[in-house]
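Examining the three-dimensional arrangement
The primary structure of each chain is shown beneath.
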Amino acid sequence: MNLQKDRALHSLDTLTGLLDFSLLYHLWISGTFLLVTWYMTWLLFRIYTTEVYCFPVQSSFSEDAHQCLPKVLSSKQPLILKYLALQDFALLSQNSPSRRQEVFSLSQPGGHPHNWSALSGECLTILNDLTQKLIAYQEAVSSNGRIKPQSVGSDKRPSSSGSSATSLIEEPTSWQTPRVSMGPKTPGSVFLRSSVASPFTPDLGSPFGSPAMKRLTGTLDPSSPWHGSVQSPHVMRRGPKLWTSSLGAESPLNGSPQSGPVPVPSPVAGAQKPSIVSLWIQNRQEQVKNVLAKRVLIMYLFNKLPEASSQALFAESQAHIWALEGLSHLVAASYTEDRFGVVQTTLPDILGTMLTLQEAVDKHFKLPHASSKPARTLSSLVDTSYKTLRFALRASLKTAIYRITTTFGEHLNAVQVSVEHRKKLQQFLEYKE
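Residues numbered from 1 in each chain as written. Predicted model: local features only at pLDDT ≥ 70, side-chain atom pairs only at ≥ 80, totals over all residues. Heavy atoms only, no water.

A few words on the overall build of the chain. Secondary structure summary: the chain contains 15 helices and zero strands in total. Within the span of the chain, comprising 433 residues, buried residues form 27% of the whole. Long-range pairs, those at least 24 residues apart, make up 62% of the contacts in the chain with a sequence separation of at least 6. Counting only carbon and sulfur atoms, one obtains 61% of the accessible surface of the chain, whose full area is about 30,400 Å². (Helix = DSSP H or I, 4+ residues; strand = E, 2+ residues; numbered from the N terminus. Buried < 20%, exposed > 50% of the residue type's maximum accessible area, 1.4 Å probe, protein only. Contact = heavy atoms within 4.5 Å. Areas by Shrake-Rupley, 256 points an atom, 1.4 Å probe, with all protein chains shown as cover.)

Here you go:
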């Protein structure tokens, strides 16, 4: 290529070329413009997608039933639609008496509160899911991060083939591929224990697998000489063979099959025990790894931060906040607006769910690594609101319970709840919580 090189410009592969102030200034201008453009694009997209949308509570036409608020919340929809539906649910419970009447209305004919049942049921499901996550997280932390192993008998699955051994083995997850089907005479606990304890699982479906291992698992080919009631590994069934290892034996192709058994092949060299040098090197590597893992700087750079798991647990708490606000406002408004008493049938479940969630949240904030106050966040281009969602959820939960207890007062003593929940309700009624 006949390219003319400008001798007056410094080359970028030299220190003088990299310290060119004109080049640094243009790079800074271009980077700033690109960053501001990306941020404005993300901000406009966020404003557009989070715009408030008003879902109809009920529709007079069956063609538009899938667009109604109860249907959107209860069906499998994209996550952004569920967030918008929960936001609209929280807003209608606070600012729209006419739409609240549609929630409290009964179906015609039949007289069933389908709207209230669908909305309250979905909100309670969301809150119960968060409660279960918090309880599971607290159990894992209390056991020093180790999940309690489940017994083999508790994980039994029904088998279509009627095999008793396959029902004892835990089914693989969606990202795991079962490689071996266990035989009916092999206890499942043996393979379950070996799959957990051994770091390497042999590929029994491979054509290079060991015949002894295949016989142990009961996955032999019926045409194999090992198939059947042969008990000794040195006894082979006679059968047609394409070749023989002995030089003096006649070839089976000539019509005279081999009369003696084929000798068992010797183990390959790769299956031998590792040498002392390799073992010493592995031990040294483990020692160095353990020493480095105890250094504070190394742990800070490569380990997960203490509050990262707690923040991830409450990363989607905005939906729970809207569910709490919508339920509490509707329950409070039902004291004067619910003419048919549809809310009173689910009031014990709502109070029980909120009080159970509040107990789980309080226990979570008492964990050693969970901070009780939100940290100061500096203004930046990165959205850090997820770090304070757990504190907003705790405040919204307590406010929702106080909103209900303040509205109903002593009438809550007639609600059927457990003894522990009644004590908690009494503390809220006395403003001691």
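Here the narrative resumes, following the displayed structure.
Turning to unusual backbone geometry, a few remarks are in order. Here the amide bond leading from Gln108 into Pro109 is cis, since omega sits at -5°, within 30 degrees of zero. On the secondary structure map, Pro109 appears in the loop between helix H5 (97–104) and helix H6 (114–142). With a phi angle near 55°, Tyr431 is a residue other than glycine that sits in the positive phi range. By the secondary structure assignment, Tyr431 is in the segment after helix H15 (419–429). A relative accessible area of 54% means that Tyr431 is categorised as exposed.

Now for the packing of aromatic side chains. In the structure shown here, the tally under the stated rule is eight aromatic pairs. Residues Tyr83 and Trp322 carry aromatic rings whose centres are separated by 6.2 Å and whose planes lie at 80° to one another, so their mutual orientation is edge-to-face. Highlighted residues: Tyr83 in helix H4 (residues 79–95) and Trp322 in helix H12 (residues 317–337), separated in sequence by 239 residues. Judged by relative accessible area, which is 17%, Trp322 ranks as buried. An aromatic cluster of at least three residues, connected via ring pairs, comprises Tyr402, Phe428 and Tyr431. Of note, Arg394 hangs over the ring of Phe365, and the distance from its end group to the ring centre comes to 4.2 Å. (Phe/Tyr/Trp six-rings, centres within 6.5 Å; stacked < 30°, edge-to-face > 60°. Lys NZ or Arg CZ within 6 Å of the ring centre and 35° of its normal.)

Take the nonpolar core next. Core analysis: the largest hydrophobic core is formed by 60 residues, its most contacted members being Trp116 and Met354. Among the secondary structure elements, those contributing two or more residues to this core are helix H3 (69–74), H4, H5, H6, H12, helix H13 (347–365), helix H14 (389–408) and H15. (Core = buried A, V, L, I, M, F, W, Y, C linked by side-chain atoms within 4.5 Å.)

What follows deals with the packing of H4 against H5. Orientation of H4 relative to H5, taken along the N-to-C sense of each, is 110°, at an axis distance of 7 Å. Considering their axes alone, H4 and H5 lie roughly perpendicular with respect to each other. Along its contact with H4, which presents Asp88, Leu92, Ser93, Gln94 and Asn95, the element H5 presents Pro97, Arg99, Arg100 and Val103. Across the contact of H4 with H5, the residue classes tally to three nonpolar, three polar and three charged. (Axes fitted to C-alpha atoms, helices over the stretch in contact; angles between N-to-C directions. Parallel < 35°, antiparallel > 145°, perpendicular 65-115°, else oblique. Nonpolar A, V, L, I, M, F, W, Y, C, P; charged D, E, K, R; others polar.)

On to H5. For H5, the full list of buried residues reads Arg99, Arg100, Val103 and Phe104. In an axial view of H5, the angular spread of the buried residues amounts to 145°, which keeps them on one side of the axis. Those residues of H5 that are buried lie in contact with H4, H6 and H12. (Arc of directions from axis to C-beta.)

Moving on to the pattern of salt bridges. In this structure the tally under the stated criterion is seven salt bridges. For the salt bridge of Lys82 with Glu122, the shortest nitrogen-to-oxygen distance reads 3.8 Å. Of this pair, Lys82 sits in helix H4 while Glu122 sits in helix H6; the two residues are 40 residues apart in sequence, bridging distant segments of the chain. A salt bridge links Arg99 to Asp88; its shortest N-O distance comes to 2.8 Å. (Salt bridge = Lys/Arg side-chain N within 4 Å of Asp/Glu carboxyl O.)

What follows covers the confidence of the model for the chain. Parts of the model with low pLDDT should not have their predicted coordinates read in detail. The pLDDT averaged across the chain works out to 75; a share of 66% of its residues lies at or above 70. Mean pLDDT per element in the chain: helix H7 (residues 188–197) is the minimum at 37, and H12 is the maximum at 95. Of the regions scoring below 50 in pLDDT, residues 229–235 engages in eleven contacts with residues more than four places distant in sequence or in other chains. Scored below 50 in pLDDT, residues 239–259 makes eleven contacts in the model with residues more than four places away or belonging to other chains. (pLDDT = per-residue confidence, 0-100.)

This paragraph deals with the side chain of Gln138. On the secondary structure map, Gln138 appears in helix H6. Gln138 has contacts with Ala360, Lys363, His364 and Leu367, leaving out every residue within four places of it along the chain.

As a further point, take the environment of Cys68. Its location among the elements puts Cys68 in the loop between helix H2 (21–49) and H3. Residues contacting Cys68, with those up to four places away along its chain left out, are Pro56, Val57, Gln58 and Ser59.

This paragraph deals with a nonpolar patch on the surface. Together, Leu297, Tyr300, Leu301, Phe302 and Leu305 line one region of the surface with nonpolar side chains, adding up to about 620 Å² of accessible area. Tracing the backbone shows Tyr300 in helix H10 (residues 296–302). The exposure class of Tyr300 is exposed, given its relative accessible area of 56%. (Patch = residues over 30% accessible without salt bridge, like charges linked within 9 Å, V, L, I, M, F, W, Y side chains within 5 Å.)

Their axes nearest at 10 Å, the elements H6 and H12 cross at an angle of 135°. Overall, the two elements H6 and H12 adopt an arrangement that is oblique. Classified by chirality, the crossing of H12 by H6 is left-handed. Here Trp116, Ser120, Cys123, Leu124, Ile126, Leu127 and Leu130 of H6 come into contact with H12, specifically with His320, Ala323, Leu324, Leu327, Leu330 and Val331. The residue makeup of the contact of H6 with H12, split by class, is eleven nonpolar, two polar and no charged. (Left-handed = near helix turned anticlockwise from the far one by under 90°.)

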